[in-house]
Each structure stands twice: as structure tokens, then as C-alpha cells.
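Architecture at a glance
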Amino acid sequence: MLQRIQTVYLLIAAIISGGLIFVFSLWENSEGVAMYAQDYLMVFIAFLASALLSLVSIFMFKNRKLQFVLGRLNILLNFFLLGVFVYWSLSLPGEMDISEKGIGMFLPIISIVFLVLANKAIKKDEDLVKSVDRLR
């Protein structure tokens, strides 16, 4: 059902991945210009895919196993996004593009936390349903 706690967690993860990327910059370049997620197509698509997976996962409440799998897939996507940010910030020679890191680089971490909380709640619901089925 939609009034479960995992719906709140998934909605927060969708808002972080789909909405806050327009508010917080990823970093500032050497000229002091703030760079956002929509400036990089791959990053923008990954953020929007994460938000879309969270929203689709909200409406899969009747199929908890699929909802759990979509949550794990979303966590992997956010880890990929985080890995791209770490790679860009550490391996660029002479820090030619990234001058000052913004809070936008940490949005995947916050999203991962809420996705893990949602998956824990989904697993708890699944275990509760299985225990009730056993009693019948």
C-alpha cells in the first residue's frame, strides 16, 4: 500500500535524485562557474534514471520482490554515479576542471541511505507476510 514508510523513503530518494540536482551544483570550475548535473548528459541521465526507478518502485507495492530488486538496482546506479564523481575529482590531472566541490556530488550518498532504509522496510513487510502465511 502507498501509506507504508518505504513509500516515504522512496519519495525522498526520488526528490533528491530528480529535484535537488537543479538546486545544488556539483562543483565549480577554475573560472568560478557552478557546474550542474544537466551540464553533463551522462550524469543527468543517471540522476533522472535513479529518480524514475524510485517512482516506479513506489507503485510496485503489490509485488514486493520486484520492488526490492528495483531498490537494489537503484542503489547500484547511485554507486555508479558516486564512482564517476570520485573518478572525476581524483584523477583529473592538475585539477583542470574541478576547482571547488559542491554538495551536489554527495547527493548519491544521501539517496543511497534512503534507498537502503526503503529496502529494509520492504524486507520487513515481506517477512511479515511470510510469517502470517505460515500461521494459516
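These remarks concern the structure in this document. Along each chain, the written sequence defines residue order, and numbers are assigned to residues from 1. Restriction of local features to residues with pLDDT of at least 70 applies here, the model being predicted, together with a cutoff of 80 or more for giving and counting side-chain atom pairs; totals for whole chains, interfaces and linings are based on all residues. Note that water and hydrogens are dropped before the side-chain values are worked out from all heavy atoms of the structure.

**Focus: the nonpolar core**
- Ranked by internal contacts, the top residues of the largest apolar core, which has 19 residues, are Leu26, Trp27, Val43, Phe47, Phe85 and Trp88.
- By definition, any uninterrupted DSSP run of H or I lasting at least four residues is a helix, any uninterrupted run of E lasting at least two residues is a strand, and each is numbered from the N terminus. Counting residues per element, this core draws most heavily on helix 3 (residues 64–91), at six residues.
- Pairs of residues are marked as contacts when any of their non-hydrogen atoms sit within 4.5 Å. The contacts of Val43, once residues within four sequence positions are left out, are Leu26, Ala37, Leu81, Phe85 and Trp88.
- For this analysis, a nonpolar core means a set of buried residues of the types Ala, Val, Leu, Ile, Met, Phe, Trp, Tyr and Cys, connected via side-chain atoms within 4.5 Å. Think of it in three bands: with a 1.4 Å probe and only protein chains considered, a residue is buried below 20% of the maximum accessible area for its type, exposed above 50%, and partly exposed in between. Counting residues in each nonpolar core, the second largest holds seven residues, with Leu10, Ile75, Leu115 and Ala118 among its members.

**Examining the pattern of salt bridges**
- What makes a salt bridge here is a side-chain nitrogen of Lys or Arg within 4 Å of a carboxyl oxygen of Asp or Glu, nothing more. Across all of its chains, the model carries three salt bridges by this definition.
- Between Arg4 and Asp125 there is a salt bridge whose closest N-O contact spans 3.6 Å. Of this pair, Arg4 sits in the segment before helix 1 (5–18) while Asp125 is found in helix 4 (residues 107–135), placing the two residues 121 residues apart along the sequence.
- Residue class for Arg4 comes out partly exposed when judged on its relative accessible area of 37%.
- Residue classification places Asp125 among the buried positions, given a relative accessible area of 15%.
- The closest approach of N and O atoms between Glu126 and Arg64, which form a salt bridge, is 2.8 Å. With Glu126 in helix 4 and Arg64 in helix 3, this residue pair connects regions lying 62 residues apart in the sequence.

**Description of a nonpolar patch on the surface**
- Nonpolar side chains collect at one region of the surface, where Phe22, Val23, Phe24, Ile103, Phe106, Ile109, Ile110, Val113 and Leu117 lie side by side and expose about 750 Å² of accessible area between them.
- Considering the arrangement of structural elements, one finds Val23 in the loop between helix 1 and strand 1 (27–28). Exposure above 30% relative accessible area and no salt bridge define the residues that can form patches, which grow by joining like charges within 9 Å and nonpolar side chains of Val, Leu, Ile, Met, Phe, Trp and Tyr within 5 Å. Accessible surface is estimated by sampling points in the Shrake-Rupley manner with a 1.4 Å probe; for residues, cover comes only from the protein chains shown.

**Looking at the packing of aromatic side chains**
- Geometry of aromatic contacts follows a simple scheme: Phe, Tyr and Trp rings, the Trp one being its six-membered ring, pair when their centres are within 6.5 Å, and the pair is stacked under 30 degrees between planes, edge-to-face over 60, tilted otherwise. Using the criterion set out here, one finds three aromatic pairs in the structure.
- Arranged with centres 5.9 Å apart and planes meeting at 75°, the rings of Phe22 and Phe44 form a pair that is edge-to-face. A residue pair is termed long-range when its members are at least 10 positions apart, and Phe22 in the loop between helix 1 and strand 1 and Phe44 in helix 2 (residues 41–58) qualify at 22 residues.
- For Phe22, a relative accessible area of 43% gives the class partly exposed.

**Details of the packing of helix 1 against helix 2**
- An axis is simply a line fitted to the C-alpha atoms; with a helix, the fit covers only the stretch in contact. Between two such axes, the angle follows the N-to-C directions and lies from 0 to 180 degrees. Relative orientation of the contacting elements helix 1 and helix 2 amounts to 160°, with a least axis distance of 8 Å. Relative to helix 2, helix 1 is oriented roughly antiparallel. When you trace helix 1 past helix 2, the crossing you get is left-handed. Here Thr7, Leu10, Leu11, Ala13, Ala14, Ser17 and Gly18 of helix 1 come into contact with helix 2, specifically with Phe47, Ser50, Ala51, Ser54, Leu55, Ser57 and Ile58.
- In this count, Pro and Cys sit with the nonpolar residues alongside Ala, Val, Leu, Ile, Met, Phe, Trp and Tyr, while Asp, Glu, Lys and Arg are called charged and the others, Gly among them, polar. Its residues assigned to classes, the contact of helix 1 with helix 2 comprises eight nonpolar, six polar and no charged. Put simply, angles under 35 degrees are roughly parallel, angles over 145 are roughly antiparallel, angles from 65 to 115 are roughly perpendicular, and the rest are oblique. Crossing handedness: left-handed means the near helix sits turned counterclockwise from the far one by under a right angle, and right-handed means the same turn made clockwise.

**Overview of helix 1**
- Relative to the 20 Å expected for 14 residues at 1.5 Å per residue, helix 1 spans 20 Å between its end C-alpha atoms, a close match to the ideal helical length.
- Buried within helix 1 we find Gln6, Thr7, Leu10, Ala13, Ala14, Ile16 and Ser17. Multiplying 1.5 Å by the helix residue count minus one yields the expected span of that helix.

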